[in-house]
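What follows is the residue order along each chain.
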Amino acid sequence: VALQGGDDRLVDAQEQALNKQIMTLLRTDAQWHHLYQRLDSIKGIGLHIAAALLVSTVGFTTCDTPEQLASYIGVAPHPRESGQWRGRRTTGYGANRSLRGKLSMGVSAAYRSNPQIQTFRQRLQAQGKPKAVIHCACARKLVHIVWAVVTHDCDYDPDYGLVTAA
């Protein structure tokens, strides 16, 4: 449904007010503000995704490994086996759907601006992987980047690990 006339200005004003409140809350705690600054250095992670990650993981204290975080978000493949029956690997159904949806939007942005995600995506496309598998794999890679930036307490380096042709 399209907004009429001044309604879109009202929504924009409300969004700006909400963003301001989120930033104020992130600034009240020095540790969370520090973590937010680290997350903000990653191409594809914006204010809403960073805030959602910080809140849902309680400042990254609820998960011990990047694999646990990927599983919590729902971007880690899990085997479906029961006795002799073997199914395809699927991502977790009990995951944090809201966070997974936000991260999915971040991956879409990372396709355009994050060189590591772009290279990874191109490699998977060359292998003939389906689009949904590529998207989930890129989301998982982004989670691992987030984990590395937070645990190593450093800003994101977009050229880290990229091999340039000489």
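Owing to the predicted nature of the structure, the values given are computational and were not obtained by experimental measurement.

### Topic: the overall build of the protein
Secondary structure assignment for the protein yields 7 helices and 4 strands. Shown N-terminal to C-terminal, the secondary structure of the protein runs as helices and strands in the order α-α-α-α-β-β-β-β-α-α-α. In the protein, which comprises 166 residues, the proportion classed as buried is 33%. In the protein, of all internal contacts separated by at least 6 residues, the share reaching a separation of at least 24 is 61%. Surface exposure of the protein reaches about 10,600 Å², of which carbon and sulfur atoms provide 53%.

### Quick notes on the packing of helix α3 (residues 47-56) against helix α5 (residues 97-113)
Here α3 crosses α5 at 145 degrees, and the two axes come no closer than 10 Å. The two elements α3 and α5 cross, and the hand of that crossing is left-handed. Where α3 abuts α5, its residues His48, Ile49, Ala52, Leu53 and Ser56 lie against Leu99, Lys102 and Gly106. Residues of the contact of α3 with α5, tallied by class, amount to 4 nonpolar, 3 polar and 1 charged.

### Considerations on unusual backbone geometry
Residues other than glycine predominantly adopt negative phi, and peptide bonds predominantly adopt the trans conformation. The phi torsion at Val58 lies on the positive side, around 50 degrees, for a residue other than glycine. Tracing the chain through its elements places Val58 in the loop between α3 and α4 (66-73). Non-glycine residue Phe60 carries a positive phi angle of around 65 degrees. With respect to the helices and strands, Phe60 occurs in the loop between α3 and α4. By relative accessible area, Phe60 is classed as buried at 10%.

### A few points about the pattern of salt bridges
When charged atoms on two side chains of opposite charge get close, those side chains can pair. As enumerated under the stated definition, the model contains 2 salt bridges in all. Between Asp153 and Arg38 there is a salt bridge; the shortest N-O distance is 3.1 Å. In this pair, Asp153 sits in the segment after α7 (131-151) while Arg38 sits in helix α2 (residues 30-40), placing the two residues 115 residues apart along the sequence. Judged by relative accessible area, which is 40%, Asp153 ranks as partly exposed. On the accessibility criterion, Arg38 (17% relative accessible area) is buried.

### Some words on the confidence of the model for the protein
Model confidence for the protein is summarised by a mean pLDDT of 84, while 84% of its residues fall at 70 or above. Summarising per-element confidence for the protein, the mean pLDDT is lowest in strand β3 (residues 85-86) (62) and highest in helix α6 (residues 115-126) (95).

### A few points about the side chain of Asn96
Looking at where Asn96 falls in the secondary structure, it is placed in the loop between β4 (90-91) and α5. Sequence-distant contacts of Asn96, defined by excluding residues within four places in its chain, comprise Ser56, Tyr72 and Ile73.

Analysis parameters
- Residues numbered from 1 in each chain as written.
- Predicted model: local features only at pLDDT ≥ 70, side-chain atom pairs only at ≥ 80, totals over all residues.
- Heavy atoms only, no water.
- Helix = DSSP H or I, 4+ residues; strand = E, 2+ residues; numbered from the N terminus.
- Buried < 20%, exposed > 50% of the residue type's maximum accessible area, 1.4 Å probe, protein only.
- Contact = heavy atoms within 4.5 Å.
- Areas by Shrake-Rupley, 256 points an atom, 1.4 Å probe, with all protein chains shown as cover.
- Axes fitted to C-alpha atoms, helices over the stretch in contact; angles between N-to-C directions.
- Left-handed = near helix turned anticlockwise from the far one by under 90°.
- Nonpolar A, V, L, I, M, F, W, Y, C, P; charged D, E, K, R; others polar.
- Salt bridge = Lys/Arg side-chain N within 4 Å of Asp/Glu carboxyl O.
- pLDDT = per-residue confidence, 0-100.

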